[in-house]
Structures are given as C-alpha cells and as structure tokens.
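Chain residues, written in single-letter form:
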Amino acid sequence: KRRRIATDGGVDIEDRLESLITRVGEKSTSSLESNLEGLAGVLEADIPNYKHKIMKILCECVVKLPEKLTVYTTLVGLLNAKNYNCGGEFVEMLVRNLKEALKTGEFENARMMVRFLSDLVNCHVLVAASLIQMYDSFVEVTLEDNIPQVRSDIYVYLVLSSLPWVGRELYEKKEKELDAVLSTIDNYLSKRQKIHLPALKAWSNDGPHPQEEYLDCLWAQIKNLRNSKWIEKQLIRPYLAFDSVLCDALQHTLPQIIPPSHNKSMTYPLPRVVFRLFDYTDVPQGTVLPGSHAIERYLIEEQLNRIIHTNNLERKECAAALLGYPAKNKIPLNYMIVEVMFGQLFELPRSPYIDLFYGATFIELCKLQPTSMPEVLAQASEMLFERIETMHSICIERFVMWFSYHLSNFQYRWSWDDWAECVEMDPNAPKSKFVREVLLKCLRFSYHQRVSESVPDSFAPLLPPEPNPVYRYEQEGAGSLPGTTHAHKLISSIKSKCTPDEAAILLKDLPNQYPNGQENENPAFNPLKIDVFFATLLHLGSKSISHSFAALAKFHPNLKSLAEFDDGKVCLLKVLYETWKNNQQMMVVLVDKLLRTEVVDCSSVANWLFSFEMQHDFTSFYVWEIMHSTIKKMSRHVDQLQHEVDEAHDKQEAVKRKEADGLDLGDEDVPSDEAIERMEEKLEAATSAQKNLFLVIFQRFMIVLTEHLARCESASVDYNTPWFKWVIERLQQVFLVHHELVYRYVSTLELLLFTSDIDIHILEVFQQFCALRS
Amino acid sequence: NRHEQEQKLLASSTLYIGNLSFYTSEGQIHELFGRAGDVKRIVMGLDKVKKTPCGFCFVEYYTRSDAEVAIRYINGTRLDDRIIRTDWDTGFKEGRQYGRG
C-alpha cells in the first residue's frame with residue numbers, strides 16, 4: 001500500500017534497507033565479518049537521508065531477532081565508529097523504547113534491550129560505568145518496600161540474563177562496581193520467599209535432578225561463570241574481529257534509567273521452574289551435555305526456546321530450525337531439543353503453546369532424523385515413566401495426551417513389555433493410571449481391536465471396556481422395571497417420527513419415582529421420566545456423534561422442560577453417565593452439547609462430577625477434561641458478553657464525539673442506553689454465575705478432601721494415598737490452569753473458603769497460588 | 001463467482017479432510033481435530049449410491065482460529081494410519097456430503 005503513495009524511489013530504498021539489515025548474519029557465501037563491514041559501509045552512505053528509518057529498523061531487530069544480538073551490536077559499533085552522532089541517536093532511541101517497555105510491562109522485550117545495551121559496552125559504544133549505573137538502579141528495586149516479589153524478581157532477571165554477554169568486560173574494567181551489584185543480588189536471592197515453588201514443579205521431589213526456581217538456577221550459573229573469570233564458550237562475538245576499528249571509537253554515556261514505580265495494575269511475569277530431564281550420563285559418548293549449572297546450558301536452552309518461539313506457527317520450519325542449530329556438533333543437540341520441548345510442554349501453569357504443537361513438531365523432528373530422534377524420544381519417555389510417581393498430575397495428563405498422540409502416528413508401536421509391572425498395581429498408582437489413560441486415548445484415536453492387539457495379552461486388565469452404550473430398557477430383566485413399557489412405546493413413536501409434544505404426552509402418566517421404583521419426594525423433577533426419555537433418546541442416537549446431536553436437537557424442548565431445575569439437570573447428567581460410562585468421549589462430547597444448548601448449566605455439571613455416583617470415576621482423566629472444558633466455556637461466555645458491552649460503549653461514545661463535532665449521523669446504528677443496560681445486566685449475571693461455579697468447585701473439593709483426611713486420621717493411616725495425590729493436584733490444577741480468572745475472586749475465596757481453620761494441606765494449595773503473584 | 005468463493009474461504013471455519021480410511025469414524029476424527037479446538041460438527045462424506053463413508057469429511061469449528069490451528073498442525077499427519085490432508089472449505093451445505101459413487 002505504501003508503495004502506491006510514494007512518488008519517488010524512497011520507499012523502495014527503505015524496503016531494501018530493511019531487507020539488508022534483517023538478513024545480515026544469515027547463511028551466506030562470504031564471511032560474517034565481510035558482510036558486516038559491507039553493510040556498515042552501505043548504511044553509512046544512506047545515513048544522511050534515511051537515518052531515522054535505519055535506527056528504527058535496528059531497534060526492531062533488537063527485540064525481534066535477539067538470536068543475532070551480537071551481529072547487530074557489532075553493526076551498531078561499526079556505525080558508531082564511523083559516525084559518532086549516529087551511535088548516540090541509536091542509543092537514545094533504544095533507551096526510549098526500553099523505558100516505554102518497562103512502563104507498559106513488556107518485560108521480555110525490555111530484557112532483550114537491556115542485553116543489547118550491555119553488549120554495546122563490548123562494542124565500545126557505551127561507557128562501562130554508565131551500564132553499571134543502570135544495573136544499580138535495577139537491583140535497587142530489591143530494596144523497595146511493599147512491592148510484590150515478582151517485581152524485584154524481574155529487575156534482577158534483567159541484569160542477570162545480560163551478564164553472560166558483558167560480565168568479562170565489566171570484570172576487567174569495573175570489578176569493584178560489578179561486585180557490588182552481584183552482592184546486592186546475592187543478598188536478595190538468599191532472602192526470597194519460595195512458597196510458590198511446589199505449585200510450579202513438574203516433579204515434587206528433587207531426584208535425580210533438582211527442579212530449581214529460575215532465578216536460583218541462573219544465579220548458580222552466573223556464579224560459575226564468575227568463577228571461570230567470566231569466560232564462556234557459547235556466544236559468537238563478531239566484534240572481536242573489529243577490535244582495531246572499534247577501540248578508537250568514542251563512547252556514549254547511558255542516560256539515567258529509573259524503573260517506573262510500582263502500581264497495582266502492573267502485571268509482572270510469573271516465576272518459573274527450570275525443567276531438567278537429562279544429565280551427561282544419559283547422553284552417549286562423543287558430545288558432552290553441559291552441566292545444569294554451566295552457563296552454556298542456559299545459553300543453549302534460551303536459544304532453542306527462542307527458535308521455538310519464532311517458529312511455533314510452522315511445525316516443519318520449527319523442526320528444521322531446531323536441528324539446524326549453529327553449534328550442533330559440539331553438543332548433544334537432540335537431547336537438548338527434547339529436554340527443551342518437554343520443558344515447555346510441562347511448564348506450569350500452562351505451556352506456552354497448544355499441546356498439539358509439541359506433538360506435531362516431535363513428529364517432524366522424527367521425520368527429519370529418523371535414525372536418532374525416535375531413539376532419544378523413547379529414552380525420554382522411559383525416563384518420564386520411571387519418574388511418574390512424583391510427577392505433577394497436570395504434567396502426567398499432558399504426558400498422556402502427547403504419548404497417545406505420538407503412538408497414533410507411529411502405528412502404536414511401543415515396548416509395552418517393559419511396563420508390564422503396572423498390571424499388578426493399584427489402579428490409582430501413577431504408573432498404572434498412566435498406562436490405562438494412554439490406552440483410553442489410543443482407543444479414541446483408533447478402535448478397540450486395534451488397541452488390544454497393540455499391547456501384550458497380559459495387559460488385558462488395563463484395557464478399557466468396549467465403548468458401547470448401555471440401555472437398561474432392552475436388557476435382560478427389563479420387564480420388571482417401572483419405565484419399560486413407556487420406553488418401548490417411546491422407541492416406536494420416535495422411530496415413526498413423532499413430534500416433541502407427542503413424545504411428552506406419551507410420558508405424562510409416569511409417576512414421580514426413581515427408575516428402580518423408589519418414590520421421589522422432590523416435585524422439582526421426575527427421575528423416572530428423565531431416565532425413560534433421555535436414555536431412550538441416547539440409545540436411538542447412539543450410532544454416532546452426529547446421530548446423537550440430531551436426536552438432542554429435535555427433542556430439545558423436552559430436555560429443557562424435564563431438566564428445568566438444578567436437580568433435574570444433575571439427574572439428566574447421571575442418565576448420560578449410565579448410558580455412556582464405557583465411552584468417555586461420548587460423555588465429553590455430549591456434555592459439551594448439553595451445555596451449549598443450555599439444557600444443563602456449568603454448576604450442575606460441577607455438582608454432577610462431584611456427586612456420589614461419579615466417585616469411583618473421580619480420578620479418571622475424562623472427569624477433569626469435562627470439568628476444565630466447562631470452566632472454559634463459562635469464561636468464554638463472560639468474555640464474549642464483556643466484549644459486547646465494551647463495543648457498545650465505544651460505539652456510543654464515538655457517536656457522541658461526532659455529534660459534538662456537528663457531523664451528520666445519518667442512519668448510524670447507535671446502541672441505546674436501555675440496550676446497554678440490558679447487556680450489562682446479562683454480563684453481571686454471567687459473572688456471578690462464574691464466581692458461583694468456582695465457589696461450587698472449591699467447596700466440593702474441600703468437602704471430599706476434608707472427609708478423606710478425617711477418615712485417615714480416625715483410622716490412623718497415612719493420608720497420603722494415590723487418591724489423595726490425584727485429588728489435591730486436581731485442586732491445584734483448577735487454580736493454575738485458570739489462574740487469571742481465579743485471581744479475580746481471590747479475596748472472596750480467602751474470606752469464605754480458604755480460611756485459616758481449614759486443613760493445612762488444602763490451605764497450602766491456596767497459599768502457593770497466592771504466592772505466584774506476591 | 002470466484003471472488004465470493006475466495007471471500008468465503010477466508011472467513012470460513014470449516015475444513016475439508018481428505019484421504020481418510022473408509023473405516024475411520026466420527027469419533028476418531030473428533031479426537032484428533034478436537035485437540036486443535038472446539039469442534040462444532042463433523043459431516044462424513046458418503047458414497048452417493050451406497051451411503052457409506054468414502055474417505056472424506058467436513059470438520060466445522062466454532063471459531064476460525066481453531067480451524068487455523070488444525071490446518072497448521074494436523075495437515076499431513078496420520079489418522080488411522082493414513083496421512084490425511086486438510087483444506088479450507090467454504091462451509092458445509094446439505095448434499096455436499098455425497099462423493100463420487
């Protein structure tokens with residue numbers, strides 16, 4: 001578009017400059033040094049006419065191409081050597097961007113800018129003392145009172161993560177000042193709270209590898225770097241080749257950069273835990289995996305994470321870029337890729353990208369390196385399985401999702417015999433649960449015969465049942481049930497295409513009983529009617545998902561009236577369970593449909609999942625699949641209504657502005673005050689339903705967990721059973737997966753539910769959650 | 001008209017899935033495509049004469065962005081041991097489920 005407006009060749013030149021600058025440092029036939037020298041020459045000639053544009057492009061490269069950071073610092077160094085003002089203006093612009101990023105909370109961009117400024121000291125663009133001054137003002141944040149720890153954390157992180165680049169230079173030129181910065185950091189880190197740590201660890205114990213907090217780990221790595229006199233072997237430093245040119249350049253002094261003061265609306269990045277799966281003994285001889293506290297481990301991991309970030313939308317390019325990592329011959333690259341990928345997949349509270357991305361990219365990696373990658377992945381899977389007992393339930397769930405998906409792409413071939421121990425285990429034991437759940441997911445991807453033929457015969461007890469529906473009114477002995485006659489009449493009416501009204505009339509005279517004949521004293525719902533009608537409907541639609549959907553759609557009015565009140569809704573869901581208990585996918589899909597068509601609501605789904613009838617499935621993964629998809633639907637609904645209200649307000653204001661300017665409004669569609677009010681009422685109702693949903697879920701959790709703890713105490717047995725682990729971690733999952741949402745209600749939760757008199761094991765989960773942002 | 005067709009494709013949240021096995025069920029398709037986002041409905045492609053599955057289907061998502069995720073990560077991977085293909089579709093209309101007999 002811009003091209004059309006341009007009257008001279010200016011835009012073409014700007015585009016050419018952008019392409020030249022962004023592509024420097026890519027693979028090329030000539031050396032990086034000569035490319036840089038050439039580019040600096042070209043830019044020098046263009047500076048008089050295109051200075052601003054060139055500066056802007058360079059500043060974009062700082063945040064968008066940080067993998068080439070040292071290439072660009074060298075380029076800026078060369079430009080500064082040729083033209084002192086130009087270097088100054090670049091620094092000025094970058095500092096302005098940095099201040100803006102700190103103010104708006106774009107901390108990842110800020111981190112790249114701080115690192116860039118740091119490396120400019122190496123390129124003789126900036127005076128070392130002025131960089132130290134910036135570091136000083138950043139680490140001083142740790143001395144502020146009444147701020148959340150996540151604020152001081154991020155400022156310390158900005159400094160620490162720049163030191164691998166500039167540590168050596170500062171050590172040579174400003175040793176004492178550097179030491180002072182480091183000692184402030186040391187002091188801070190030794191006093192930090194780490195209540196949040198258990199909530200973020202993929203494994204609860206530290207064997208064989210400690211799962212460290214990100215700042216602790218980086219600090220250990222920096223201390224090692226300091227002990228080796230700040231010499232590292234990972235970074236490419238092109239400016240070293242230009243030392244003779246750069247050392248004559250005049251240097252600039254960084255202006256003062258004071259962190260903007262804390263305000264309540266600022267969101268700081270959440271703390272993280274560094275994921276560790278391998279050490280050097282896991283890797284075949286030939287290459288050496290850097291130790292977990294070697295700075296090289298940090299640098300390579302960060303670069304691999306960066307490659308994933310840049311390429312996450314293109315799985316093939318992502319796999320190719322990972323395998324094309326520049327220093328690949330020196331390190332066991334496949335192992336590091338697998339560790340970094342799993343590190344992201346198991347990251348808590350949430351993975352950076354959708355689960356499917358990791359699965360699809362692993363498949364591409366295996367395709368590109370069919371001789372080595374599958375082997376490393378198999379080794380990793382074995383290790384994950386071996387360590388599953390202490391793995392967080394959320395991570396086990398993601399492991400199940402990935403592993404079943406991977407198997408579905410590789411003919412379900414796996415050395416199952418190695419895992420035969422699970423057959424004998426308690427079904428709630430993590431290893432046994434893992435295998436069962438994987439087979440359930442494989443069943444969804446394929447079919448029963450295929451799954452049972454893929455595993456050894458001895459695995460029969462772990463296999464899911466055939467996923468067929470159950471219909472009591474056609475089973476043996478159905479004759480004696482109170483609803484059978486009606487059910488059979490209903491079948492033939494529906495088959496001869498009766499209307500919803502005709503179907504309702506058919507059931508009219510059924511007494512208010514339970515399907516087993518027991519009286520129901522609650523007039524709000526009729527369990528027998530619900531059972532006869534819904535079970536028959538599901539039975540007739542059981543051929544496929546589409547058939548079921550068609551049946552639900554046609555008889556929607558009947559379902560709505562049968563399940564008008566809460567008890568009826570829960571009763572309806574119990575009928576769904578009775579019908580499809582052997583086919584979890586059908587349950588998941590049909591609950592989704594019932595929610596979307598407003599036959600049931602979110603809190604009735606939660607109440608059903610916590611009900612007595614569901615207790616023996618309570619640790620099954622599908623229960624939690626339904627729970628989280630229900631919470632998600634609720635929150636999407638709230639977001640949608642919020643969006644509509646915001647939009648209506650914006651429209652109204654825009655029109656008022658136009659009116660004030662005397663513009664003719666014509667027939668513009670303006671939302672009236674009444675319309676907005678109605679929308680706001682709807683939003684308010686939805687928000688309170690959402691809050692209620694969380695209250696229901698947490699309250700029910702509290703009840704089941706407290707009961708378990710009390711039962712164990714009175715029987716003097718250990719409370720810490722596999723069941724307890726699954727359930728308490730599922731509670732944690734509700735906090736973590738929906739953390740932004742739950743955080744909105746944190747004060748209500750603290751006041752009503754998570755009070756100081758509840759059991760410490762439950763309270764801890766809440767405290768860890770709160771500590772994530774404190 | 002071609003322009004309208006293109007506009008429809010750009011706004012669509014429906015995918016055409018090809019190279020399925022004749023035995024692949026809706027449930028299997030749902031499991032795979034459900035991992036990209038919320039699936040609204042699946043329409044199986046049927047043989048015009050025999051009314052049996054004939055190797056293609058339509059998957060409709062609630063949102064365009066979920067359909068994009070599916071194209072991005074599922075196209076060219078396996079379902080039921082076959083490499084399946086995904087393409088944008090203008091949206092399912094009754095009658096389009098019948099393939100060549």
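Remember, it's a predicted structure, so these values are computed and weren't measured experimentally.

Rules used in this analysis
Here the residue numbers are simple positions, counted from 1 along each chain's written sequence. Written order determines the labels here, with chains lettered from A and ligands numbered from 1. Confidence filtering applies because this is a predicted model: local features only for residues at pLDDT of at least 70, side-chain atom pairs given and counted only at 80 or more, and all residues used for totals across whole chains, interfaces and linings. Side-chain descriptors were evaluated using all non-hydrogen atoms of the structure, hydrogens and water having been removed beforehand. Only DSSP runs of H or I reaching four residues or more are called helices, and only runs of E reaching two or more are called strands; each is numbered from the N terminus. For every residue, the accessible area obtained with a 1.4 Å probe (protein chains only) is divided by the maximum for its type, and the residue is called buried under 20%, exposed over 50%, and partly exposed between those limits. For the accessible areas, the method is Shrake-Rupley and the probe is 1.4 Å, while residue cover comes only from the protein chains on display. Strands pair, by our definition, only if DSSP identifies at least two bridges between them. Contacts are residue-level and defined by heavy atoms, with any inter-residue pair within 4.5 Å sufficient. Summed over both partners, the accessible area (1.4 Å probe) lost when two parts come together is defined as the buried area. In the sections that follow, a salt bridge refers to a side-chain nitrogen of Lys or Arg positioned within 4 Å of a carboxyl oxygen of Asp or Glu. We define a polar contact as two N or O atoms separated by no more than 3.5 Å, with the added condition that, inside protein, one atom must be a possible hydrogen donor and the other a possible acceptor, whereas residues neighbouring each other in sequence contribute only through side-chain atom pairs. As used here, the term nonpolar core means buried Ala, Val, Leu, Ile, Met, Phe, Trp, Tyr and Cys residues forming a set that is joined through side-chain atoms within 4.5 Å. The span one expects for a helix is its residue count, reduced by one, times 1.5 Å. Note on geometry: axes are lines fitted to C-alpha atoms, helical ones only across the stretch in contact, with angles between N-to-C directions running from 0 to 180 degrees. Any angle that is under 35 degrees is reported as roughly parallel, and any over 145 degrees as roughly antiparallel; angles of 65 to 115 degrees are reported as roughly perpendicular and all others as oblique. A clockwise turn of the near helix away from the far one marks a right-handed crossing, whereas an anticlockwise turn of less than a right angle marks a left-handed crossing. As a working rule, the residues Ala, Val, Leu, Ile, Met, Phe, Trp, Tyr, Cys and Pro are called nonpolar, Asp, Glu, Lys and Arg charged, and the rest polar, with Gly in that last group. Aromatic contacts are taken between Phe, Tyr and Trp rings whose centres are within 6.5 Å, Trp giving its six-membered ring; a plane angle under 30 degrees counts as stacked, one over 60 as edge-to-face, and the others as tilted. Patches in this entry comprise residues that are over 30% relatively accessible and not in a salt bridge; like charges within 9 Å are linked, as are nonpolar side chains (Val, Leu, Ile, Met, Phe, Trp, Tyr) within 5 Å. By the counting scheme adopted, Arg and Lys are positive, Glu and Asp are negative, and His together with the chain ends is not counted. Charge positions come from single atoms, namely NZ of Lys, CZ of Arg, CG of Asp or CD of Glu. A score between 0 and 100, pLDDT records how confident the predictor is in each residue.

Chemist: Would you mind going over the overall build of chain A with me for this structure?
Modeler: If you tally the helices and strands in chain A, you get 35 helices and zero strands. Over its C-alpha atoms, taken along the principal directions, chain A stretches across nearly 100 × 80 × 55 Å. Relative to its 774 residues, chain A shows a buried fraction of 54%. Carbon and sulfur atoms form 50% of the exposed surface of chain A, whose accessible area is close to 34800 Å².

Chemist: Honestly, the sheet that holds strand β7 (residues 98-99) of chain B in this entry has me stumped. Any pointers?
Modeler: Paired through backbone hydrogen bonds, the strands of a sheet run either parallel or antiparallel to each other. All names here are of chain B. The strand order across the open sheet built from five strands is β6-β1-β3-β2-β7, with neighbouring strands paired in mixed fashion. One side of each edge strand has no neighbouring strand; the edge strands of this open sheet are β6 (85-89) and β7. With six bridges joining them, strand β2 (residues 39-47) and strand β3 (residues 53-61) adopt antiparallel strand pairing. The residue of β3 that forms the bridge with Val-43 is Phe-58.

Chemist: Would you mind going over the environment of Lys-328 of chain A with me for this structure?
Modeler: All names here are of chain A. Along the polypeptide, Lys-328 turns up in the loop between α15 (315-323) and α16 (333-345). On a C-alpha basis, the gap between Lys-328 and Tyr-157 in space is 27 Å, while along the polypeptide they are 171 residues apart. When residues no more than four places from it in sequence are discounted, the contact partners of Lys-328 are Leu-323 and Leu-333.

Chemist: Would you mind going over the interface of chain B and chain A with me for this structure?
Modeler: Contacts between the two partners involve 23 residues from chain B, matched on the other side by 31 residues from chain A. Carbon and sulfur atoms supply 47% of the area that chain B and chain A bury against each other, a total of about 2400 Å² over both sides. When the buried area of chain B at its contact with chain A is split by residue, Glu-31, Arg-35 and Tyr-73 of chain B rank highest and sum to 31% of it. At the boundary of chain B and chain A, one finds four salt bridges. Across the pair Asp-38 of chain B and Arg-596 of chain A runs a salt bridge whose closest N-O atoms are separated by 2.9 Å. Our enumeration of links across chain B and chain A arrives at 16 residue pairs in polar contact (both at pLDDT 80 or more).

Chemist: Would you explain the nonpolar core in this entry?
Modeler: When a protein is soluble and globular, its nonpolar side chains tend to lie buried together. With 197 residues, the main nonpolar core has Phe-342, Trp-416, Phe-434, Trp-608 and Phe-754 of chain A together with Phe-33 of chain B as its most contacted residues. Element by element, the count of residues in this core is highest for helix α31 (residues 673-714) of chain A, at 13 residues. Not counting the four nearest positions on each side in its chain, Trp-608 of chain A is found in contact with Val-570, Leu-573, Lys-574, Tyr-577, Met-587, Val-591, Met-614 and Ile-626 of chain A.

Chemist: Explain helix α22 (residues 484-495) of chain A here, please?
Modeler: Think of an α-helix as turning once every 3.6 residues; residues three or four places apart then point the same way. Residue and element names in this part refer to chain A. The end-to-end C-alpha distance of α22, which contains 12 residues, comes to 17 Å, matching closely the 16 Å that a straight helix rising 1.5 Å per residue would cover. Within the sequence span of α22, burial applies to Thr-484, His-486, Ala-487, Leu-490, Ile-491, Ser-493 and Ile-494. Contacts made by the buried residues of α22 are with α23 (500-506) and α24 (527-540). Looking one or two residues beyond α22, the residue adopting positive phi is Lys-497, at roughly 60°.

Chemist: Looking at this structure, I do not really get the packing of helix α14 (residues 295-311) of chain A against α16 of chain A. What am I missing?
Modeler: For any two helices packed against each other, the geometry is given by the interaxial angle and the distance between the axes. Residue and element names in this part refer to chain A. Remark: α14 packs on α16, axes separated minimally by 10 Å, with the N-to-C direction vectors making an angle of 65°. Considering the angle they form, α14 stands roughly perpendicular to α16. Seen along the crossing, α14 lies across α16 with a hand that is right-handed. Taken together, the residues of α16 that come into contact with α14 (itself represented by Arg-297, Ile-300, Glu-301, Leu-304, Asn-305 and Ile-308) are Leu-333, Met-336, Ile-337, Glu-339, Val-340, Met-341 and Gln-344. Classifying every residue of the contact of α14 with α16 gives eight nonpolar, two polar and three charged.

Chemist: Just to check I follow, could you spell out the packing of aromatic side chains for this structure?
Modeler: The relation between two aromatic rings is expressed through the spacing of the ring centres and the mutual angle of the planes. All names here are of chain A. A complete count under the given rule lists 52 aromatic pairs over all chains for this structure. Here Phe-275 and Phe-346 contribute two aromatic rings whose centre-to-centre distance is 5.8 Å and whose plane-to-plane angle is 50°, an arrangement assigned as tilted. Residue Phe-275 is located in the loop between α13 (243-246) and α14, and its partner Phe-346 is located in the loop between α16 and α17 (355-368); the two are separated by 71 residues in the primary sequence. For Phe-275, a relative accessible area of 10% translates into the label buried.

Chemist: What is the right way to look at a negative patch on the surface in this model?
Modeler: Residues and elements named next belong to chain A. Together, Asp-673, Glu-674, Glu-677, Glu-680, Glu-681 and Glu-684 give the surface a local cluster of negative charge. Counting through the fold element by element, Glu-684 comes out in helix α31. Using a relative accessible area of 59% as the deciding quantity, one classes Glu-684 as exposed.

Chemist: Explain the environment of Tyr-473 of chain A to me, please; I cannot follow it from the model alone.
Modeler: Residue and element names in this part refer to chain A. By secondary structure assignment, the location of Tyr-473 is in the loop between α21 (448-454) and α22. A relative accessible area of 0% places Tyr-473 in the buried class. In this structure the C-alpha to C-alpha distance between Tyr-473 and Gly-483, which are 10 residues apart in sequence, comes to 7.6 Å. Polar side-chain contacts of Tyr-473 include one of 2.5 Å to the side chain of Asp-531.

Chemist: Just checking my understanding: could you explain the confidence of the model for chain A for this structure?
Modeler: As a general rule, the predicted coordinates of low-pLDDT regions are not to be interpreted in detail. Per-residue pLDDT for chain A averages 95, and the proportion of residues at 70 or more is 99%. Confidence drops under a pLDDT of 50 for residues 1-6 of chain A, and excluding neighbours within four residues, the segment shows eight contacts in the predicted structure.

Chemist: Help me understand the environment of Ala-11 of chain B, please; the structure alone is not making it clear to me.
Modeler: Residues and elements named next belong to chain B. The residue Ala-11 is located in helix α1 (residues 2-11) in this model. Judged by relative accessible area, Ala-11 falls into the exposed class, the value being 61%. Taking the C-alpha atoms as reference points, Ala-11 and Phe-58, separated by 47 residues in sequence, lie 16 Å from one another.

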